[in-house]
Amino acid sequence: MDLLAHVPGDRGWPVVGHTLSFVHDAAGLVERHRRAHGDVFRMRVLGREGVTFLTPQATREIYLDPGKVLSSERGWSSSIGPLFRNGLMLRDFDDHHRHRRVMQQAFSRAALTGYVDAIHDVTDRHLRGLPAGDVDVYVLMKRLTLDIAAEVFVGVSLGQQSERVNRAFQAAVAASITPLRVAVPGSTYRRGLRGRAELTRVFGELVAQRRREEPRGDLLSRLSHATTEDGELLPVDDVVDHMVFLMLAAHDTTTSTLAVMLWQLALHPAEQDRVAEEVRALGGAPVTPADHGRLEHTTRAMQEALRLSPPVPFSPRHALADVEITGVRVPAGHGVNVSSLALHRHPDWWTLPDAFDPDRFAPGREEHKQHSHLFVPFGGGAHLCIGNHVAEVMVKAIVARLLAGRRVTADPAAGVVIRPVPIPKPRGPMLLTVR
C-alpha cells in the first residue's frame with residue numbers, strides 16, 4: 001500500500017530512487033520537482049522516502065515541531081549518521097537538550113569575545129605569506145578555518161596533523177552521500193569510515209590528555225571534565241562524538257560561506273568596494289561582536305552568500321507518528337524534508353533569486369522578512385545552529401583581514417559550479433586573483 005499516494009511526485013528509479021540525481025545535481029532535482037508538482041512533493045533518496053516542503057510556513061512547523069514527533073536523529077541516520085554519530089544534530093528531544101546545555105557555555109557572548117584574538121592571530125598567520133596571484137579560495141579557507149576551529153575549540157594548533165585531519169573530514173563528508181554504502185575496498189564509503197576512525201583516534205588522544213591536566217578554557221577541556229547528573233565524567237565516546245561533529249560544523253560550513261562570499265565579491269567589484277571601505281574603517285583593529293552593527297555592507301554580503309549557498313541545504317526529519325504539516329498528512333515512518341537551498345531561491349519570494357544582490361537585505365527591501373522562516377541558513381527550532389554567532393565572527397574577521405589591504409578578482413568565464421550536498425563545495429578549482 002502506498003501511504004504517500006496523496007502526495008504528488010514519484011519514487012524514482014527502482015532501488016536507487018532519486019539518489020543519483022540528488023548527488024549529481026540536488027538543486028536541479030528539487031527545481032524540476034517544484035515546477036512539475038508545486039511546493040510539496042515526494043522523493044526517495046538514500047533509501048528513504050519522504051515529503052519535501054518548500055514553503056516558509058511548512059519550514060516553521062517542521063523546525064518548531066510542537067508535537068515532538070519529527071526526529072532529527074532518524075532523519076540524518078541514512079546519510080551522516082554512521083560518520084558523525086551522536087553530534088548535536090543527531091540527538092533528539094530531552095537528550096538533545098541535555099547535551100546542548102553542556103555545550104552552550106562555549107558559545108556564550110563572553111566566550112565569543114574571548115575567541116576574537118585567536119581568530120585574528122590564526123588568520124594573520126595564514127594571510128601573512130599569501131602571495132599576489134592566483135589562489136584557490138576554497139582550499140585556502142578550508143585550511144584557515146580548520147586551524148581556527150582547532151585553536152578556539154581544542155585549544156591547540158594541529159600543526160603537522162592539520163592536513164591529515166582535513167583529509168579525514170573530507171573523506172567522511174564525501175561518504176555521507178555515496179549511494180554505495182558498503183565498505184568494500186577502494187570505495188568512498190570505506191574511505192569515509194577510515195576517516196572517521198582517524199578523527200576518533202586524534203580526538204580520543206586529546207581527551208585523554210585533557211583529563212590528565214587541570215581544566216582549561218577551551219571547549220575540549222570543558223567537555224573532558226564535564227559530569228553527568230550522577231556526577232560521573234561524560235563518557236569519552238560522547239566527548240569525542242561532540243568534538244568531531246563540532247569541528248566539522250565549525251570549519252566546513254564556514255568554509256563554504258567564505259568561499260562563496262569572496263567569489264561573489266570578486267565578480268562584483270562595486271560590492272567589494274563597499275565591503276572594503278567598511279573594513280578599512282576599522283583601522284586594522286580586530287573585528288569584535290560589538291562591530292557587527294557597523295559592518296552593514298559586510299553583513300549583507302554574508303547574508304546573500306548564505307542565501308545563495310546555505311551551509312546545510314537540506315534538513316531531513318523522520319516522522320515518529322502521523323503528522324500534519326500545512327494541511328498535508330505525513331504517515332509515521334516516512335521522511336520530512338526542508339530545503340533551504342530551494343526556499344532561498346524560490347521565485348515566489350525573492351527578486352531575481354539567482355542574482356547576487358546584498359541590498360535585498362537592506363532597509364526598505366528586506367525580502368528575508370516576508371516570513372520568519374523564509375531565510376533559514378542556520379536551521380531553526382531546537383536544532384538552530386549553536387555556533388551561528390561564532391561563524392558570523394569568523395566570516396567577518398577573515399573577510400576584513402583579507403580585504404583591508406588586498407583586492408580579489410575572478411574570471412566570470414571560469415564556470416565555477418557549487419555542488420550543494422552534503423556541504424556546499426566547488427566541483428573544481430575556485431581561483432581568485434589576489435592583488
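Everything discussed here concerns the structure shown above.
Residues numbered from 1 in each chain as written. Predicted model: local features only at pLDDT ≥ 70, side-chain atom pairs only at ≥ 80, totals over all residues. Heavy atoms only, no water.

Visitor: How do you make sense of the overall build of the protein when you look at a structure like this?
Guide: Summing up its helical and strand segments, the protein has 14 helices and 12 strands in all. For a compact globule of 435 residues, the expected C-alpha radius of gyration is about 22 Å, and the protein comes in at 21 Å, within 12% of that figure. Expressed along its principal axes, the backbone C-alpha trace of the protein runs to roughly 65 × 55 × 45 Å. Expressed as a percentage of the 435 residues in the protein, the buried residues total 54%. Restricting the contact set of the protein to residue pairs at least 6 apart, pairs at least 24 apart contribute 71%. Entry remark: accessible area of the protein is about 18300 Å², with carbon and sulfur atoms responsible for 53%. Here the protein holds 52 positive side-chain charges and 49 negative ones, and the gap between their average locations is 4 Å. (Helix = DSSP H or I, 4+ residues; strand = E, 2+ residues; numbered from the N terminus. Rg over C-alpha atoms; globule rule 2.2 N^0.38 Å. Buried < 20%, exposed > 50% of the residue type's maximum accessible area, 1.4 Å probe, protein only. Contact = heavy atoms within 4.5 Å. Areas by Shrake-Rupley, 256 points an atom, 1.4 Å probe, with all protein chains shown as cover. Lys, Arg positive; Asp, Glu negative; His and termini not counted. Charge placed at Lys NZ, Arg CZ, Asp CG, Glu CD.)

Visitor: Any chance you could explain the packing of aromatic side chains here in plain terms?
Guide: Each aromatic ring pair is described using two quantities: the centre-to-centre distance and the angle formed by the ring planes. In total, this model carries 5 aromatic pairs according to the counting rule given. Note on Trp350 and Phe361: the rings are 6.3 Å apart at their centroids and 50° apart in plane angle, and the pair reads as tilted. In this pair, Trp350 sits in the loop between helix H13 (340-343) and helix H14 (388-403) while Phe361 sits in the loop between H13 and H14, placing the two residues 11 residues apart along the sequence. For Trp350, a relative accessible area of 3% corresponds to the buried category. The buried category is assigned to Phe361, whose relative accessible area is 5%. (Phe/Tyr/Trp six-rings, centres within 6.5 Å; stacked < 30°, edge-to-face > 60°.)

Visitor: Where do I start with the sheet that holds strand E5 (residues 315-319) in this structure?
Guide: Strand pairing in a sheet relies on backbone hydrogen bonds. The paired strands run either parallel or antiparallel. With mixed pairing, 5 strands are arranged side by side in an open sheet as E1-E2-E8-E5-E3. Unpaired on one side and paired on the other, strand E1 (40-45) and strand E3 (70-71) mark the two borders of the sheet. The pairing of E1 with strand E2 (residues 48-53) spans 6 bridges and is classified as antiparallel. Following the sheet pairing, Val45 is matched in E2 by Arg48. (Pairing = 2+ DSSP bridges.)

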